Amino acid sequence: MKAYDKQFIGGLWREGRGEGLLDNINPFSGEVLYSYRPASREDVDEAYAAAKAAQKLWADYSPSAKAAVLERLLSIIREYRPIMDECLLLEAGCAKPKRDYEAGTSPDFVSYCMTFPKMMEGRIQSSDFPGQTNFVFRKPKGVVTVIAPWNVPFILALRSVIPAVAAGNAVVLKPSTETPASAFIIGEMFEKAGFPKGLLNVIAGRGSDIGDYIVAHPLSDIVSFTGSTQVGRRIGRIAGENIRDMSLELGGNNSMLVLPDADIDAAVEAAIFGAYFHQGQICMSLNRIFVVGEENYSLFCEKMAAAVRSLKAGDPADENVFIGPIINTQQVEHINSLISATVETGARVLVEGKTEGNLVYPWLLCDVENSMPAAREEVFGPVCSIIKAESEEEAIAMANDTIYGLSNSIFTRDRYRGMLLAQKLESGMVHINDQSIGDEPHVMFGAEKQSGVGRFNGTWVLNKFTTEQWIPVR
Ligand code: NAP
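Everything numeric here is computed off the predicted structure, so don't read it as measured data. Sequence positions are assigned chain by chain, starting from 1 and proceeding in written order. Owing to the predicted nature of the model, reporting of local features is limited to residues with pLDDT of at least 70; listing and counting of side-chain atom pairs is limited to 80 or more, with chain, interface and lining totals taken over all residues. Values shown for side chains rest on all heavy atoms present in the structure; no hydrogens or waters enter the calculation.

K.L.:
Explain the packing of aromatic side chains to me, using residue names and the numbers behind them.
P.N.:
A pair of aromatic rings is counted whenever rings of Phe, Tyr or Trp (Trp by its six-membered ring) have centres within 6.5 Å, and the orientation is called stacked for planes under 30 degrees apart, edge-to-face for over 60 and tilted otherwise. Throughout the structure, instances matching the rule amount to 11 aromatic pairs. Aromatic side chains phenylalanine 273 and phenylalanine 277 sit 4.5 Å apart centroid to centroid with 20° between the ring planes, which places their arrangement in the stacked category. On the accessibility criterion, phenylalanine 273 (31% relative accessible area) is partly exposed. When accessible area is computed with a 1.4 Å probe and restricted to protein chains, residues below 20% of their type maximum are described as buried, those above 50% as exposed, and intermediate ones as partly exposed. Residue phenylalanine 277 is classed as buried on the basis of its relative accessible area of 3%. Put simply, the rings of Trp58, Tyr61, Phe190 and Phe195 pair up and form one aromatic cluster. By the criterion adopted, a ring carries a charge over it if an Arg CZ or a Lys NZ lies within 6 Å of its centre and within 35 degrees of its normal. Over the ring of tryptophan 58 we find lysine 66, and its NZ or CZ is 5.9 Å from the ring centre. Cation over ring: lysine 354 sits above tyrosine 361, and NZ or CZ is 4.6 Å from the ring centre.

Set out below in structure tokens:
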């Protein structure tokens, strides 16, 4: 992979002016892919100034002219698939199924948003005042700050960056320090597509150094953050103090409910994907599975254990590997401490994983209580807890007994009943007869409770990244 060791500010690639050097590290091999100087506060200021200026220029492009640049971006992002694939392998430790999903579906976010420049619809409203007509205009917000996590680095940046620019905004993007190259690859694609210089700026540096400064920046009109609930809380506080609009997509503690009439084989197949895809490092990953009824519980545990044992863990470059490395050592330690604490409090180990470097082999725990650490917290690793429920009501109550509310799933042969029960689950999304991970650019995506604020995708994100202005005319 090319060394993306420069910041991308105002259309120029130049060295950051922050203190020291940061390393981009391959989570599987531990190899330093390249080192770079992080962005300083001055770099951040220049990125926002460039964005502000470029947004004014971009606003004057006709809708068709904007769509034409987006169309060029669409062909470039398709050509970039091998580059994105390599980046996902090397800096994010993605195994082939995750790379195929992420590099393969990234263009969909561009193709969907290509019509946004022509969807900037306002309203004409009557007035009680004689001779007055009320016009409500839709306008871009201005400069959108996008802060992205490392787990799905392209899509979770693109799902904000693309609708933001398509709605007429400029963007300052800050990637995770774990996966900076992905964001600079997006910058490179923007440069090639011919967007005005400075419309997208990419600045890399530790969130703990420049994060607060970015969120509070006076030229930022809205913060679109995807990451942990812990950091989201801090961002919410700073954005609130500055009366800044925000969208927060945060952590999850997602569950699957296996009802007594469920197709157990189908539920197991889905659960394997939901719990172990990308090593369980997806915000919508299945953390808990509630199986209703004694008989189903034993059968489900037995079949799930056999399926987990068949998962191949190892070098993500090996096309047969499903489970690649965890992003870093601190996260490996966190996962292992949650497993130990859960086993110590009485959970039974159905499949025992092991740890080799950053590789954590899959774990399956049963006889878990909802109050045990691995069930209470977002594990964000290849660990799944099976919990027995006496009734559907108990399963729903336990699934809801968490601060999170992102995505859940229900397996039942009675789809209508599944839909009715889904409405009792306190989460933004509930999949019937599937696992909990899913995202389609045109379909509403979002969370309840401490999993987030705001909605993504479709016209929800268009509304979020635009504002309205009332202009009564006499
Ligand atoms: P994280 O630690 O919260 O970091 C997310 C981003 O915030 C990174 O770019 C990070 O930069 C930055 N950051 C850290 N401190 C900051 C501050 N004070 N101000 C501004 N930005 C700051 O999360 P993560 O570990 O990357 O991602 C995993 C978490 O994200 C999980 O909890 C997962 O559930 C959640 N997630 C949610 C969704 C969703 O759609 N709901 C999707 C994916 C992931 P540095 O890397 O430089 O610290």
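Once you've had a look at it, read on.
K.L.:
Give me the pairing of strand β7 (residues 143–147): which residues, what numbers.
P.N.:
Here a helix means four or more residues in a row that DSSP labels H or I, a strand means two or more in a row labelled E, and each is numbered from the N terminus. The element β7 is extensively covered by neighbouring structure, given that five of its five residues are classed as buried. Here β7 shows a buried face lined by Val143, Thr145 and Ile147 and a second buried face lined by Val144 and Val146. Where β7 meets strand β8 (residues 170–174), five bridges bridge the pair, whose relative direction is parallel. When the bridges of β8 are listed, valine 146 appears paired with leucine 173. The path from the first strand over the helix to the second decides the hand: if it runs clockwise while the strands point away from the viewer, the crossover is right-handed. As a crossover connection, the stretch from β7 through helix α5 (residues 153–166) into β8 is right-handed. Here, any two strands with at least 2 DSSP bridges between them count as paired. The sheet contact formed by β7 and strand β10 (residues 222–226) spans four bridges and is parallel. Pairing of threonine 145 across the sheet is with valine 223, part of β10.

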